[in-house]
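Observations on the model geometry
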Amino acid sequence: MEHLMHNYYEAAAVILFGIGFMNLLLQSNLIKKFIGLNIMDTAVYLFLAAKGFIYGRVAPIVTSGEAVIERFVNPVPSGLVLTGIVVSVSVTAFSLALIIRLYKVYHTFDMDEIMKLAREEEKREY
Amino acid sequence: MSINWIHNFPFFSIFLAMLGGILTALLNDGKKALRLNQLITLIVAILSLCLLLNVTANNESFTFMMGHFPAPWGNELRAGPLEALMAFVFSILMFLTVTGGQREIFSDVVSDKVKYFFIMINLIFGSILALIYTNDVFTAYVFIEINTIASCAVVMAKGHGRSIIASIHYLIMSSLGSGLFLIGLCLLYDITGHLLMPNIQEQLILLSRSGEYALPLTVVCGLVFIGLAIKSALFPFHTMLPNAYDNSTSAGAGILSGLVLKSYIILILKFIFQVFSLEVIQALKIENVLFVFGIVGMIMGSIYAFREVRIKKMLAYSSVAQIGYIFMGFGIGNMAGFTASCFHILAHAATKTLLFVSAGSLIETNGGKTGIRDLQGAGRLNPFAGVAYSVGALSMVGIPLFAGFASKYYFALSAAGGKLQLSIVLTALAVSMILNAIYFIPTVISIWSKPEGEIKPKAEPTFSFKCVCVAFMMINFILGIFFQPIIAVIEQGLRLLG
């Protein structure tokens, strides 16, 4: 319990990841499904950002001319988080585009209903 | 001086493919996009061949610093005989698949979107090369995501409702896989402090020996392997494949099944050898897990394929079974097992692209119906595709002289790690070969049997398609008959990798 309080960022990240994961798997509304995916991704970034930060230190931008390593945090995790955010933005944009196309064909966002309509369509063809 | 020049080839290959994607966006015509793609795959094939000859002759593997930043900070590529061989074979297969399936691409992809289809093909090609060559785990993640998005776009290229559903399904499963992989990487960076594979390995061996961070290390291993197993459609995670392949173009399906899935498996191989090292893998008993899932996949994939009535879905389930073979080879755990798996990566890539392209042509001949019953007599009307399909099917079953036989032979040889393992591997191989025969032979009989009534071919095969069929069959025979030099290159590559 003490560890949990100490690492509350990580604990929050794990809880968020669980929420996102369950949404991705259990929601039948496609938009909510992808919101779940986004929460999941955000949880990973929170985790990585929290792991990469040391309390009391600042980003490694040298202004006064003196570079003391002990004052700065490692910039790589933040860089990774930024890259990850870009990736997840493009995945989200792509999936939303797909959902719009799907809505134009089947006029619903509900995955179960869409699957039912698609199966009927398939039966008609074969 | 000349050697230094050749060391740039991996970077050139990736850069060319990515540049091709960007240039294609500027073209105004699908035909030009196709020519550009063919040109790029051929150039990359030639570059990879030069690289392969060079590194095998020198018996060396090298790392290439991107932007000349030294090891712990910069980004690196790594190439050796194994990587060069994979890149060479994949680029040849890419060229043949796109060339062989071009008519269907131009007729079935939403018109005026054909050039975008080729952008995606170029991006897939670039990311496959990057996954083969990269030495940096985070670069691997970024290219996995590029690969995922491009693959989904290829799946939905036909633009009708079911292909979009298949694409969404593919996207959800893939995002799940890459999400798990990303958390694995975060934890890995957390406990080692490095992103380059050799540096991580150094730290992991120290951690494993000292027993520190034992639990996080196990979790990392689990996350990375489960993530990549989902991406490469190992048995319980295969659900996105059948619909995706059934609803995409044959060339697209061939590339997705033959090459894209393999690129993730090559990444697993790199993780085993270069990140975790065999020592850590053996200590964590990951091999046993891969072995069991591989065996189950071999059998279950075949059983599903057996129940399927549509040819492309059947081929998709057969891919699941073949992926099972590769994971079984990883699970055997000795060098012979890894060698057999690497050979099977090549054999299955060559055979599955052949099967999809020829099946696509048979479907065209019969007017677009994809049921196995509807293909009755298609081989008589379109003999080139029929013969090519039969060669592919026999190779999948594992008849001698074909590519599939050589890999199954090596799987059987490699399982020498104890009586239990040997008996399990041999039984699984036998059962799976019988199942393969049960579902492939009826399709071959069906395409050669006399059709009911008089039917006319709906489309004549083009000259380029005939050339592609001959080339595919030659590759299959080369892999099936002259496999010893290829095995030697793979063994050399694995030695340099470990």
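Only a predicted model underlies this, so the values are computations on that prediction, with no experimental measurement involved.

What follows deals with the overall build of chain B. The secondary structure content of chain B amounts to 21 helices and 2 strands. For a compact globule of 498 residues, the expected C-alpha radius of gyration is about 23 Å, and chain B comes in at 22 Å, within 12% of that figure. Structurally, chain B occupies a C-alpha span of about 75 × 55 × 45 Å along its principal axes. The burial tally for chain B puts 65% of its 498 residues in the buried class.

What follows is about helix α2 (residues 9-26) of chain B. Between its first and last C-alpha, α2(B) extends 25 Å over 18 residues, near the 26 Å set by a 1.5 Å rise per residue. Every buried residue of α2(B) is listed here: Phe9(B), Pro10(B), Ser13(B), Ile14(B), Ala17(B), Met18(B), Gly20(B), Gly21(B) and Thr24(B).

Our focus in this paragraph is the packing of helix α4 (residues 81-100) of chain B against helix α15 (residues 335-365) of chain B. Residues and elements named next belong to chain B. It is at 10 Å that the axes of α4 and α15 come closest, and there the two elements cross at 5°. Classified by the interaxial angle, the pair formed by α4 and α15 is roughly parallel. Contacts from Leu82, Leu85, Met86, Val89, Phe90, Leu93, Thr97 and Gly100 in α4 reach Cys342, Ile345, Leu346, Ala349, Ala350, Thr353 and Val357 in α15. The residue makeup of the contact of α4 with α15, split by class, is 12 nonpolar, 3 polar and no charged.

Right, let's get into unusual backbone geometry. Residue and element names in this part refer to chain B. Here Ala233, not a glycine, exhibits a phi torsion of approximately 60°, which is positive. Looking at where Ala233 falls in the secondary structure, it is placed in the loop between α10 (214-231) and α11 (241-247). On the basis of relative accessible area, Ala233 is assigned to the buried category, the value being 0%. Even without being a glycine, Ser277 presents a positive backbone phi close to 70°. Mapped onto the elements of the fold, Ser277 is located in helix α12 (residues 250-284).

Turning our eyes to something else, we now look at the packing of aromatic side chains. Each aromatic ring pair is described using two quantities: the centre-to-centre distance and the angle formed by the ring planes. Residues and elements named next belong to chain B. Using the criterion set out here, one finds 28 aromatic pairs over all chains in the structure. Ring geometry for Phe181 and Phe271: centres 5.6 Å apart, planes at 80°, overall edge-to-face. Taken together, the residues span a long stretch of sequence, with Phe181 in helix α8 (residues 161-192) and Phe271 in helix α12 at a distance of 90 residues. Residue Phe181 is classed as buried on the basis of its relative accessible area, which comes to 1%. A residue is classified by how much of its surface remains accessible, and Phe271, at 0% relative accessible area, is buried. Connected via pairs of aromatic rings, a cluster forms that spans Trp5, Phe9, Phe11, Phe12, Phe15 and Phe64.

This brings us to the UniProt feature "transmembrane region" (unreviewed entry) in chain A. Residues given the UniProt feature "transmembrane region" (unreviewed entry) here are residues 6-26, 38-58 and 78-103 of chain A. For residues 78-103 of chain A, the end-to-end C-alpha separation is 37 Å, with 100% helix and 0% strand making up the annotated structure.

Structurally, Ser111(B) is set in the loop between α5 (102-108) and α6 (114-133). Taking the C-alpha atoms as reference, Ser111(B) lies 31 Å from Gly377(B); in sequence the two are 266 residues apart.

Before going further, it helps to spend a moment on a nonpolar patch on the surface. A cluster of nonpolar side chains, contributed by Phe384(B), Leu401(B), Val470(B), Met474(B), Phe477(B), Ile478(B), Ile481(B) and Phe482(B), occupies part of the molecular surface with about 710 Å² of accessible area. Along the chain, Leu401(B) falls in the loop between α17 (383-397) and α18 (403-414).

The next point concerns the environment of Asp190(B). Looking at where Asp190(B) falls in the secondary structure, it is placed in helix α8. For the pair Asp190(B) and Pro216(B), spaced 26 residues apart in sequence, the C-alpha to C-alpha distance is 9.6 Å.

All right, on to the interface of chain B and chain A then. Many descriptions give the size of an interface as the accessible area lost when the pieces come together. Each partner contributes residues to the interface: chain B has 31 residues there, and chain A has 37 residues. For the chain B and chain A pair, buried surface summed over both sides reaches about 3100 Å², with 79% attributable to carbon and sulfur atoms. Taken together, the connections running from chain B to chain A amount to 4 salt bridges. There are 3 residue pairs in polar contact (both at pLDDT 80 or more) connecting chain B and chain A. Broken down by secondary-structure element, the contributors of at least two residues to the side of chain B that touches chain A are α7 (137-155) and α8 of chain B. Considering each element in turn, the side of chain B that touches chain A owes the most residues, 18 residues, to α8(B). In the side of chain B that touches chain A, the residues fall into 20 nonpolar, 6 polar and 5 charged.

Cut-offs used in this document
- Residues numbered from 1 in each chain as written.
- Chains lettered and ligands numbered in written order.
- Predicted model: local features only at pLDDT ≥ 70, side-chain atom pairs only at ≥ 80, totals over all residues.
- Heavy atoms only, no water.
- Helix = DSSP H or I, 4+ residues; strand = E, 2+ residues; numbered from the N terminus.
- Rg over C-alpha atoms; globule rule 2.2 N^0.38 Å.
- Buried < 20%, exposed > 50% of the residue type's maximum accessible area, 1.4 Å probe, protein only.
- Expected span 1.5 Å × (residues − 1).
- Axes fitted to C-alpha atoms, helices over the stretch in contact; angles between N-to-C directions.
- Parallel < 35°, antiparallel > 145°, perpendicular 65-115°, else oblique.
- Contact = heavy atoms within 4.5 Å.
- Nonpolar A, V, L, I, M, F, W, Y, C, P; charged D, E, K, R; others polar.
- Phe/Tyr/Trp six-rings, centres within 6.5 Å; stacked < 30°, edge-to-face > 60°.
- UniProt positions renumbered as here; feature names shortened; annotations may be inferred.
- Patch = residues over 30% accessible without salt bridge, like charges linked within 9 Å, V, L, I, M, F, W, Y side chains within 5 Å.
- Areas by Shrake-Rupley, 256 points an atom, 1.4 Å probe, with all protein chains shown as cover.
- Salt bridge = Lys/Arg side-chain N within 4 Å of Asp/Glu carboxyl O.
- Buried area = accessible area lost by both parts, 1.4 Å probe.
- Polar contact = N/O pair within 3.5 Å; in protein donor to acceptor, adjacent residues only side chain to side chain.

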